[in-house]
Amino acid sequence: MTDNAQTDNARTDARQTGIAQTDTTAAVAVPDGSRSQWLQNLVLRALIGGMNLLPYRMRVRGTGAIVARVIGPLAGYRRRAMVNLADAYPQMDTSARRDLATRVLDNFGRTLMENYANRDFAAQLSQTLPRGDGVDAVQKAMAAGRPIIFLTAHFGNFEAPRHVLTRDGARIGGLYRPMANAYVDAHYRETMTSWGGPVFAQGKRGTMGFARHIKAGGMGTLLFDVHVYGAPAIDFLHRPALTSMAAAEMALRFDALLVPYFGIRQPDGLSFDVVVESPIAHSDPLTMMTEATKRLEARIADHPEQWFWVHRRWK
C-alpha cells in the first residue's frame, strides 16, 4: 500500500489471479520482475530479517532511521519529497523542507516495519481506543448489518485503525494497489492477508471482489490518495489531483456508510491516536470525494510529516 507505479495489464492480471479471497491464506503467484527488482527485494528482506532480531521498539525506531538517513536518499525518495513539498509549501525555506522530508522518511520507515510486524504492532495498539464523531455511527451500522467503506490515506500508519477496529470485533477487508516490484508485492500481500478481512488487488477482478464483499454487508477500507488515470481532478494541496470515485460510487450503490479514519502517530513515534471521523453525507461521487480530500488536507495541515510525500500523487 505504499507508493506504486502503474504496471502492464498482463502483470496486473497475474497478480489479481493470485490474490487471497480469505483473511487467513494467500495464494501467492510466482513473481515476475526484473533483476534490479529482485535485488531491491533481497535488500528489503535482509533489512526486515535483521531488524526482526531486535526488540519491537528498537526495531521500529531503527528502521525509521535507516530509511530516513540511508535508503530514502539513495532511492530518490528524499528528492521526490523535496519536490512535492516545494510545490505545496513554496514559502518554506530549503532547510525546513529538508528537515520535514527527513521526518517524512522516518515515518515511512516506521510504517513499513510496523506493517510487516503485524502481531507486534497489534500488541502495541492493544490499549488504543478509537475516538471521533464517527465511532457511534460505525457501531450502529455494524449492529444493523449495514455495509461500511472506510476511507484513509498514506498518512501516519494507515493500518492502525483497521487493527484497532478489528480487535474490537470488526472484520475489515481492503482494496490495495499492487506494487510495481512483483517480488516485494508477493510477500507484502501475504502479510496483509494474514489478519483482518479479505484483501483484493486493485483492478477489474479485485474491484469486483471488493464490491461483492461490501454488497454482502461487509466492511472494507480504501486508500484514496493515489493517482488514477482518467479520474476526475480534485484540488489537493493546491494542485489538481486525479482522484478515484470508486469509494463514493460503491457507497451510493450499496447504501454503505462512507467513513474517513486515520491512524495518527504520536510524539513518542510508537503509539497512535485512532480517529474515526463522521460519515460523509451521500450526495454525488464528486462532492463526496471532494469532502474526503478536504478531510485529508486538514490532517496533513496538522501533521505534514505524516503524509507520504514520497509517492507520486500528481503525474
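In what follows, the accompanying structure is described. (Residues numbered from 1 in each chain as written. Predicted model: local features only at pLDDT ≥ 70, side-chain atom pairs only at ≥ 80, totals over all residues. Heavy atoms only, no water.)

## Some details on the packing of aromatic side chains
Move 1: Under the definition given, this model contains 11 aromatic pairs.
Move 2: Relative to Phe308, the ring of Phe158 has its centre 6.1 Å away and its plane inclined at 65 degrees; by these criteria the two rings are edge-to-face. A residue pair is termed long-range when its members are at least 10 positions apart, and Phe158 in the loop between strand 1 (148-152) and helix 8 (160-167) and Phe308 in the segment after helix 12 (285-302) qualify at 150 residues.
Move 3: Assessed through its relative accessible area of 0%, Phe308 is described here as buried.
Move 4: Here Phe236 and Trp314 contribute two aromatic rings whose centre-to-centre distance is 5.7 Å and whose plane-to-plane angle is 25 degrees, an arrangement assigned as stacked. With Phe236 in strand 5 (residues 233-236) and Trp314 in the segment after helix 12, the pair connects residues that are 78 residues apart, well separated along the chain.
Move 5: Judged by its relative accessible area of 13%, Trp314 falls in the buried class.
Move 6: Taken together, the ring pairs in this structure connect Tyr89, Phe236, Trp307, Trp309 and Trp314 into an aromatic cluster. (Phe/Tyr/Trp six-rings, centres within 6.5 Å; stacked < 30°, edge-to-face > 60°. Helix = DSSP H or I, 4+ residues; strand = E, 2+ residues; numbered from the N terminus. Buried < 20%, exposed > 50% of the residue type's maximum accessible area, 1.4 Å probe, protein only.)

## Looking at the environment of Ala144
Move 1: Position of Ala144 relative to the elements: it lies in helix 7 (residues 135-144).
Move 2: Separated by 73 residues in the primary sequence, Ala144 and Gly217 have C-alpha atoms spaced 9.4 Å apart.

## Thoughts on a nonpolar patch on the surface
Move 1: Together, Trp38, Leu39 and Leu42 line one region of the surface with nonpolar side chains, adding up to about 280 Å² of accessible area.
Move 2: Locating Leu42 in the fold gives a position in helix 2 (residues 35-51).
Move 3: Assessed through its relative accessible area of 45%, Leu42 is described here as partly exposed. (Patch = residues over 30% accessible without salt bridge, like charges linked within 9 Å, V, L, I, M, F, W, Y side chains within 5 Å. Areas by Shrake-Rupley, 256 points an atom, 1.4 Å probe, with all protein chains shown as cover. Salt bridge = Lys/Arg side-chain N within 4 Å of Asp/Glu carboxyl O.)

## Description of the sheet that holds strand 8 (residues 272-276)
Move 1: Sheet architecture is open: 6 strands sit in the order 3-2-4-1-7-8, paired in mixed fashion. Each of the sheet's edge strands pairs with one partner strand only, and the pair in question is strand 3 (199-201) and strand 8. Averaged over all neighbouring strand pairs, the angle between strand axes comes to 25 degrees, with direction disregarded.
Move 2: Where strand 1 and strand 4 (residues 219-223) come together, 5 bridges link them in parallel fashion. Its bridge partner being in strand 4, Phe150 is matched across the sheet by Thr221. (Pairing = 2+ DSSP bridges. Axes fitted to C-alpha atoms, helices over the stretch in contact; angles between N-to-C directions.)

## Description of the pairing of strand 5
Move 1: Only one face of strand 5 is buried: it carries Ile234 and Phe236, and the other face, with Ala233 and Asp235, is open.
Move 2: Alignment of strand 5 against strand 6 (residues 239-242), held across 4 bridges, turns out to be antiparallel. The residue of strand 6 that forms the bridge with Ala233 is Leu242.
Move 3: Linking two consecutive strands that pair antiparallel, namely strand 5 and strand 6, is a turn of 2 residues; a positive phi of about 55 degrees is found at Leu237 within it.

## Overview of the environment of Ile48
Move 1: For Ile48, the position within the fold is in helix 2.
Move 2: Given a relative accessible area of 9%, Ile48 falls into the buried group.
Move 3: Placed 65 residues apart in sequence, Ile48 and Met113 show a C-alpha to C-alpha distance of 7.2 Å.
Move 4: What Ile48 contacts, discounting residues up to four positions off in sequence, is Met113 and Tyr116. (Contact = heavy atoms within 4.5 Å.)

## Remarks on helix 4 (residues 77-88)
Move 1: Between its first and last C-alpha atoms helix 4 spans 16 Å; for 12 residues at 1.5 Å apiece the expected length is 16 Å, and the two agree.
Move 2: Summarising the contacts, the buried residues of helix 4 are in contact with helix 3 (56-75), helix 5 (94-116) and strand 6. (Expected span 1.5 Å × (residues − 1).)

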